[in-house]
Amino acid sequence: MAASMKADEAVSTLYHWAGGPQRGLSARFSDVTDPATGEVTARVPLASEEEAAAVIATAKAAFPDWRDTSLAKRTRILFAFRELLNARAGELAAIITAEHGKVLSDAAGEVARGQEVVEFACGIAHLIKGSATENASTNVDVHSIRQPLGVVGIISPFNFPAMVPMWFFPVAIAAGNTVVLKPSEKVPTAALWIAELWREAGLPDGVFNVLNGDKTAVDALLTHPDVKSVSFVGSTPIAKYVYETGTANGKRVQALGGAKNHMVVLPDADLDLAADQAVNAGFGSAGERCMAISTLVAVGDIADVLVGKIADRAKALRTGDGRRSCDMGPLVTMAAKERVTGYVDAGEAAGANLVVDGRTGDFDADGKGFFVGPTLFDHVTTDMSIYTDEIFGPVLSVVRVDTYEQAVELINSNPYGNGTAIFTNDGGAARKFQNEVEVGMIGVNVPVPVPMAYYSFGGWKNSLFGDTHAHGTDGVHFFTRGKVVTTRWLDPSHGGINLGFPQNA
Ligand code: NAD
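All values reported here derive from a predicted model rather than from experimental measurement.

Reading the values: the criteria
- Residues numbered from 1 in each chain as written.
- Predicted model: local features only at pLDDT ≥ 70, side-chain atom pairs only at ≥ 80, totals over all residues.
- Heavy atoms only, no water.
- Helix = DSSP H or I, 4+ residues; strand = E, 2+ residues; numbered from the N terminus.
- Rg over C-alpha atoms; globule rule 2.2 N^0.38 Å.
- Buried < 20%, exposed > 50% of the residue type's maximum accessible area, 1.4 Å probe, protein only.
- Contact = heavy atoms within 4.5 Å.
- Areas by Shrake-Rupley, 256 points an atom, 1.4 Å probe, with all protein chains shown as cover.
- Lys, Arg positive; Asp, Glu negative; His and termini not counted.
- Charge placed at Lys NZ, Arg CZ, Asp CG, Glu CD.
- 1 Å grid on protein atoms, 1.4 Å probe; cavity = no way out; pocket = protein on both sides within 12 Å on 5 of 7 lines; lining within 4 Å.
- Points joined across faces, edges and corners; volume = space filled by probe spheres on them.
- Nonpolar A, V, L, I, M, F, W, Y, C, P; charged D, E, K, R; others polar.
- Pairing = 2+ DSSP bridges.
- Axes fitted to C-alpha atoms, helices over the stretch in contact; angles between N-to-C directions.
- Near = heavy atom within 4 Å.
- Polar contact = N/O pair within 3.5 Å; in protein donor to acceptor, adjacent residues only side chain to side chain.
- Salt bridge = Lys/Arg side-chain N within 4 Å of Asp/Glu carboxyl O.
- Domains from an automatic or database assignment.
- Buried area = accessible area lost by both parts, 1.4 Å probe.

Caption draft 1: View of the overall build of the protein. A count of helical and extended segments in the protein gives 15 helices and 24 strands. Against the 2.2 N^0.38 benchmark of 23 Å for 505 residues, the protein shows a C-alpha radius of gyration of 25 Å, consistent with a compact globule. In terms of its C-alpha atoms, the protein occupies a principal-axis envelope of roughly 85 × 60 × 40 Å. Within the span of the protein, comprising 505 residues, buried residues form 55% of the whole. Residue pairs at least 24 apart in sequence account for 73% of intrachain contacts in the protein once pairs closer than 6 positions are excluded. Carbon together with sulfur atoms contributes 52% to the accessible area of the protein, which is approximately 20,800 Å² in total. Distance between charge centres in the protein, computed from 42 positive and 57 negative side chains, equals 7 Å.

Printed below as a string of structure tokens:
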């Protein structure tokens, strides 16, 4: 079904941002919709290769001055950005809700988690410090420094229009790089709003740029010789493509992919706590989180009771327009809704027990929004597509196993390794789990274990291509490269000629 046009006001035409707003010249556009009403609210330009090159050139031109701007001045701008974002976080949250659909409180939470990375990056003077050694050899000193890369590309997904770009650009900018951000064409307005906020904070033009587009813009970032690194977040097939193409073109690449996150509940767990958290992690943001729990692994004989508790809670959730007091909003597009309901059909046909069916419901919204209510399957087996595939919707599958070992085996044989959680009151079991499970981010009685900004975010296996995670120490390393300087200030005595390999003396 095609989305309807917004009736009461003109549909706005968006732009790129490179030293200020830049009109799209390619004559290619993509519709942006309000998922709660189904209306088209804007048209976003899709850049041509030439337009991408022009934005990259703007970022390149800004680099020499920005890399030589003192840490004190850079940090002052970061602090100003933080203050402005604090004061105006509600505006950004409203933009996110209007284009992504998540409820306002969830959108505000996303902004707050992104803001934590800005606060982390405010400490860049400490984070970027090198080390120094006196008298490494006689009269020889050594010190290390870290320098920015140049123009860095960031390509982000639709599900966190503000937070995911903010995993990267605060650290990149603080470290002295200039940025070209290509946001998802489904949710482009947050990035443009952020560009204006940077200008207001005093960031020189050309340091933060927004290139709107699709595969053409992505390919330009992956192949242009002036782009030194690419940070990508999105689905696994595209992440793999981005990693392979970017590295083949000599770039540093971190490409974060999709997920299939399991939550293990052991028989000794507090089942009310586990049911609450399964609902929060399975249905929050309509399941459109890379750290959402999509599979609950019930160990032993607790499954009947636990499924009952989750079903009661799921049925009580209110789904509707995220600007109203609902618990859960719509999916991002009609295509996403159709994809998710297709998986529900497939799960039912494959013989899973559909305990709560979200395909129809009483949704609190006007218009033709893209709603699917909370959906719960029990008795799911590992050959079903609702288990094997990343659905990216409010569909929680319960898999029953007899033992802890079977639960771990299930997780470790899954091709994804983004997040996982265990619910138990047994510290020994939790410790064993964190030691042997092959996943990048682990929660113990915490269902969505997104690390704080001063740790690094990233999964294992098909959930991340590259070896560097986002923000924290990994982020600082990704956006800088090291140099080691060996120095001798001559003591007037002369060392003499020696063609041998330098050795310490
Ligand atoms: P997506 O892969 O469709 O799009 C991501 C980005 O790639 C967008 O900017 C998009 O314009 C671009 N893109 C789309 N098709 C492309 C193509 N053929 N060639 C080049 N670029 C292309 O992902 P999405 O639907 O926007 O986001 C949801 C996915 O992102 C899920 O798989 C989710 O798990 C994943 N995700 C992962 C993390 C993580 O931290 N691992 C975080 C958030 C989202």
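Caption draft 2: Representation of empty space enclosed by the protein within the structure. Under the counting rule described, the total for this entry stands at four cavities of 30 Å³ or more. One number sums up the size of the largest cavity: a volume of about 120 Å³. Contributing to the lining of the largest cavity are 15 residues, with G287, R289, A292, S294 and F392 lying nearest its centre. For the lining of the largest cavity, the class distribution of residues is seven nonpolar, five polar and three charged. Its volume calculated, the second largest cavity comes out at about 60 Å³. Residue lining of the second largest cavity: W17, A195, W198, R199, L203, P204, D205, G206, V207 and F208, and that is the complete set. The greatest single-element share of the lining of the second largest cavity, amounting to three residues, is contributed by helix 6 (residues 189-201).

Caption draft 3: Fine view of the sheet that holds strand 18 (residues 395-401). Strand order in this open sheet of seven strands is 16-17-18-15-14-20-21, and the pairing throughout is mixed. Pairing within the sheet leaves two strands with one partner each, and these edge strands are strand 16 (353-356) and strand 21 (441-444). Pairs of neighbouring strands in the sheet enclose a mean axial angle of 20°, with direction left out of account. As judged from the four bridges shared by strand 20 (residues 419-423) and strand 21, these two strands associate in the parallel manner. Among the inter-strand pairings, G419 is bridged to a residue of strand 21, identified as M441. Contacting strand 14 (261-265), strand 15 (293-299), strand 16, strand 17 (375-378) and strand 18, helix 10 (residues 303-316) crosses the sheet at an angle of about 45° to strand 16.

Caption draft 4: Here's a closer look at the site of the ligand. Taken together, 27 residues are adjacent to the ligand, and S156, E185, S235, G257 and E390 come closest. Between the ligand and the protein, one listed contact pairs an oxygen atom with a backbone N or O atom of G234 at 3.3 Å. Residue E390 places a side-chain N or O atom 2.6 Å away from an oxygen atom belonging to the ligand. About the coverage of the ligand: the protein hides 88% of its 850 Å² of free accessible area. The set of elements that each furnish at least two residues to the shell around the ligand consists of helix 7 (215-223) and strand 12 (227-233).

Caption draft 5: The pattern of salt bridges, seen in detail. Summed over the entire model, instances satisfying the criterion amount to 28 salt bridges. Between D276 and R313 there is a salt bridge, and its shortest N-O distance comes to 2.5 Å. Of the two residues, D276 is situated in helix 9 (residues 271-283) and R313 in helix 10; the sequence distance between them amounts to 37 residues. Among the ionic pairs, D364 bridges to R324, the shortest N-O distance being 2.9 Å. Placement of D364 in the loop between strand 16 and strand 17 and of R324 in the loop between helix 10 and helix 11 (334-349) is noted, with a sequence separation of 40 residues between them. Residue classification places R324 among the partly exposed residues on the basis of a relative accessible area of 31%. In the salt-bridge network here, residues are joined through shared partners; they are D272, D276, K309 and R313.

Caption draft 6: The arrangement of the environment of Q406 in detail. Looking at the secondary structure, you find Q406 in helix 13 (residues 404-412). Through-space distance from the C-alpha of Q406 to that of V297 is 9.5 Å; in sequence the pair is 109 residues apart.

Caption draft 7: Broad picture of unusual backbone geometry. The residue A286 is not glycine, and still its phi comes out positive at about 55°. Within the secondary structure layout, A286 lies in the loop between helix 9 and strand 15. The phi torsion at H379 lies on the positive side, around 55°, for a residue other than glycine. Note on placement: H379 falls in the loop between strand 17 and helix 12 (385-388).

Caption draft 8: Up close: the domain arrangement of the protein. When the domains of the protein are assigned, the result is domain 1 (12-257 + 463-485) and domain 2 (261-444). Just the C-alpha atoms count here: the centres of domain 1 and domain 2 sit 31 Å apart. For the pair domain 1 and domain 2, the summed buried area comes to about 1,900 Å², and 57% of that belongs to carbon and sulfur atoms. Looking only at domain 1, the three residues that lose the most surface to domain 2 are A36, V103 and S463, adding up to 27% of its buried area. In this structure, the salt-bridge partner of D106 is R289, at a minimum N-O distance of 2.9 Å. Along the contact surface separating domain 1 from domain 2 lie nine residue pairs in polar contact (both at pLDDT 80 or more). The set of elements that each furnish at least two residues to the side of domain 1 that touches domain 2 consists of strand 5 (29-34), helix 2 (71-100) and helix 3 (104-121). Within the side of domain 1 that touches domain 2, the residues separate by chemical class into seven nonpolar, nine polar and five charged.

Caption draft 9: Highlighting the environment of T33. Within the element layout of this structure, T33 appears in strand 5. By relative accessible area, which is 12% here, T33 ends up buried. With 67 residues separating them in the primary sequence, T33 and H100 have C-alpha atoms 8.5 Å apart.

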